[in-house]
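Survey of secondary and tertiary structure
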Amino acid sequence: MPTEDVLPGLETELTALWRRARASVRDSARTLHPRLDPTVYPLLVLVLHAGSLRMSEAANRLSLDKSTLSRQVDAAVRLGLLERVVDSTDARARLLRLTPSGHTGLTALLTEQRDRWRASLAEWDREDVVRLTELLNKLGESGVS
């Protein structure tokens, strides 16, 4: 158990990390499309990794209510980044899928992001990166928010 004397430093570092992450998401969203609301960006990344998924699954994975997700989907559809397609297993259901331009733009953006990470971590020992990943996962699993 951490001692009380280290918690303020941890809180400071986590707050700074959270602030930088929010700025990064905002910048990434605007790079992808100048009118893209940053709150929609995680949805697009989720759909990219999933290939396609039902709205209910996206809402569950992003911890969003259906009305919020619906507004985000509508915004991404209007910008030509996302589309709704009929689910071949249930004609009543719709799947979310990136449009070709959404897929191309987001893939390029994430590739550039990974290249920046590689450059930033080039001097790190591989074991340190693995350990950091493990610790971040452990922190996430602990429910700290």
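As a reminder, the structure under discussion sits directly above these lines.
Numbering of residues starts from 1 in each chain and follows the order in which that chain's sequence is written. At least 70 in pLDDT is required for a residue's local features to be given in this predicted model, at least 80 for side-chain atom pairs to be given and counted, and no such filter applies to totals for whole chains, interfaces and linings, which use all residues. Only hydrogens and water are set aside when side-chain values are computed; all heavy atoms of the structure are taken into account.

Re the sheet that holds strand E3 (residues 90-98)
Strand pairing is assigned whenever DSSP identifies at least 2 bridges connecting the two strands. Think of it this way: any DSSP run of H or I at least four residues long counts as a helix, any run of E at least two long counts as a strand, and we number them from the N terminus. Strand order in the open sheet made by the 3 strands is E1-E3-E2, with antiparallel pairing throughout. Looking at which strands have only one partner, the edges of the open sheet turn out to be strand E1 (53-54) and strand E2 (82-87). Bridging between E2 and E3 involves 6 bridges; their strand directions are antiparallel. Bridge pairing links valine 85 to leucine 95 in E3.

Regarding the nonpolar core
Among buried residues, those of type Ala, Val, Leu, Ile, Met, Phe, Trp, Tyr and Cys that are joined through side-chain atoms within 4.5 Å constitute a nonpolar core. The classification of residues rests on relative accessible area computed with a 1.4 Å probe and restricted to protein chains. Under 20% of the type maximum is buried, over 50% is exposed, and intermediate values are partly exposed. The biggest cluster of nonpolar side chains holds 26 residues, and the ones touching the most others in it are Leu36, Leu43, Leu44, Leu82 and Leu106. Mapped onto this core, the elements with two or more residues apiece are helix H1 (7-32), helix H2 (41-50), helix H3 (55-62), helix H4 (66-78), E3 and helix H5 (100-120). Looking at which element gives the most residues to this core, the answer is H2, with 7 residues. Contacts were defined at the residue level, with two residues in contact if any of their heavy atoms lie within 4.5 Å. Leucine 44 has contacts with Leu32, Leu36, Ala76, Leu81, Leu82, Leu98 and Leu106, leaving out every residue within four places of it along the chain.

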